[in-house]
Amino acid sequence: MAYSWFKAFHIIGIVVWFAGLFYLVRLFIYHVEAEQEPEPARTILKKQYQIMELRLYRIITTPGMLVTVAMAIGLVSTEPEVLKQGWLHFKLLFVAILLAYHHYCGRLMKKLANNECRWTGQQLRALNEAPTVMLVVIVLLAVFKNNLPTDITAWGILGLIIFMAVTIQLYAKKRKRDKEQLMAQINQVPQEQS
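Given the structure is predicted, the values throughout are model-derived calculations rather than measurements.

A.B. asks: Which residues make up the UniProt feature "binding site: heme" (unreviewed entry) in the protein, and what values go with them?
C.D. replies: Feature annotation in UniProt places "binding site: heme" (unreviewed entry) on His10 and Lys91, given in this structure's numbering. Sequence-wise these annotated residues cover 82 residues; spatially they are packed, their C-alpha atoms never more than 14.4 Å apart. As for the annotated residues named above, the ones lining the largest pocket are His10 and Lys91. By the secondary structure assignment, histidine 10 is in helix 1 (residues 2-33). Classification of histidine 10 as buried rests on a relative accessible area of 10%. Not counting the four nearest positions on each side in its chain, histidine 10 is found in contact with Thr68, Met71, Ala72, Leu75 and Lys91. On the basis of relative accessible area, lysine 91 is assigned to the buried category, the value being 16%. Contact partners of lysine 91, with chain neighbours within four places excluded, come to His10, Ile138, Leu141 and Ala142.

A.B. asks: Give me the packing of aromatic side chains: which residues, what numbers.
C.D. replies: The geometry of an aromatic ring pair is captured by two quantities: the separation of the ring centres and the angle between the planes. All chains considered together, the criterion is met by 5 aromatic pairs. When the centroid spacing of 6.1 Å and the interplanar angle of 20 degrees are considered together, the rings of tryptophan 5 and phenylalanine 9 count as stacked. Within this pair, tryptophan 5 and its partner phenylalanine 9 are both found in helix 1, separated by 4 residues, close to a single helical turn. Taking the centre distance of 5.8 Å and the plane angle of 50 degrees together, the rings of phenylalanine 18 and phenylalanine 22 count as tilted.

A.B. asks: How would you summarise the nonpolar core if you had to cite specific residues and measurements?
C.D. replies: Within the largest apolar cluster, 26 residues are counted, with the highest numbers of intra-cluster contacts made by Phe28, Leu98 and Leu124. Mapped by element, the contributors of at least two residues to this core are helix 1, helix 2 (41-78), helix 3 (86-113), helix 4 (121-127) and helix 5 (130-144). It is helix 1 that contributes the most residues to this core, 9 residues altogether. In contact with phenylalanine 28, not counting residues within four places along its chain, are Glu53, Cys105, Leu108, Met109, Leu112 and Leu124.

A.B. asks: Help me get a handle on the layout of surface pockets, residues and values and all.
C.D. replies: Here the idea is plain: a probe the size of a water molecule rolls over the atoms and shows the empty space left. Approximately 770 Å³ is the volume attributed to the largest pocket. As for the largest pocket, its lining consists of 30 residues, of which His10, Leu75, Trp87, Lys91 and Ala142 are closest to the centre. Among the secondary structure elements, those contributing two or more residues to the lining of the largest pocket are helix 1, helix 2, helix 3 and helix 5. Per-element accounting of the lining of the largest pocket gives the leading share, 7 residues, to helix 1. Taken together, the residues of the lining of the largest pocket sort by class into 22 nonpolar, 3 polar and 5 charged.

So, how was this worked out
Residues numbered from 1 in each chain as written. Predicted model: local features only at pLDDT ≥ 70, side-chain atom pairs only at ≥ 80, totals over all residues. Heavy atoms only, no water. UniProt positions renumbered as here; feature names shortened; annotations may be inferred. 1 Å grid on protein atoms, 1.4 Å probe; cavity = no way out; pocket = protein on both sides within 12 Å on 5 of 7 lines; lining within 4 Å. Helix = DSSP H or I, 4+ residues; strand = E, 2+ residues; numbered from the N terminus. Buried < 20%, exposed > 50% of the residue type's maximum accessible area, 1.4 Å probe, protein only. Contact = heavy atoms within 4.5 Å. Phe/Tyr/Trp six-rings, centres within 6.5 Å; stacked < 30°, edge-to-face > 60°. Core = buried A, V, L, I, M, F, W, Y, C linked by side-chain atoms within 4.5 Å. Points joined across faces, edges and corners; volume = space filled by probe spheres on them. Nonpolar A, V, L, I, M, F, W, Y, C, P; charged D, E, K, R; others polar.

In structure tokens form, the structure reads like this:
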């Protein structure tokens, strides 16, 4: 019975943690792009994003991470023989990378608060894809364990993930280009009126 409780709350922790990670870097993108806004909007937006980032990191993302890790320890304590399985070693490697990503986001948040962040919105969009890749790999390892499929279906799923990442990047570029064109049009109107 303990295993089922640990597993249920492990899954809940994962959902909360990833929801926070997905939204946190999206806020970073908006925070960085607020720099392009005129005053007083720039200052207002940056302060608001800073508050949202801090609350999200402290109240949702970090507790989700802690529940995930604590329940994983509980799961392993009920079935310690699982520690001898190769798939779990790979899964734990990706979880360690994800933990590093989580803490790096905390550092980025502090840099944004101090106006020291040098990341562009485009670079942050690429960074925002990292937890998606980690989630897919971790879930596949957890579900298939030592029998991870390497057939056409697996390659199709990998291709779909890459396609989604490329599409998101292309959409971001298009959005940026459209915004630049709109700003150019707006700037032309006052010149034509004078």
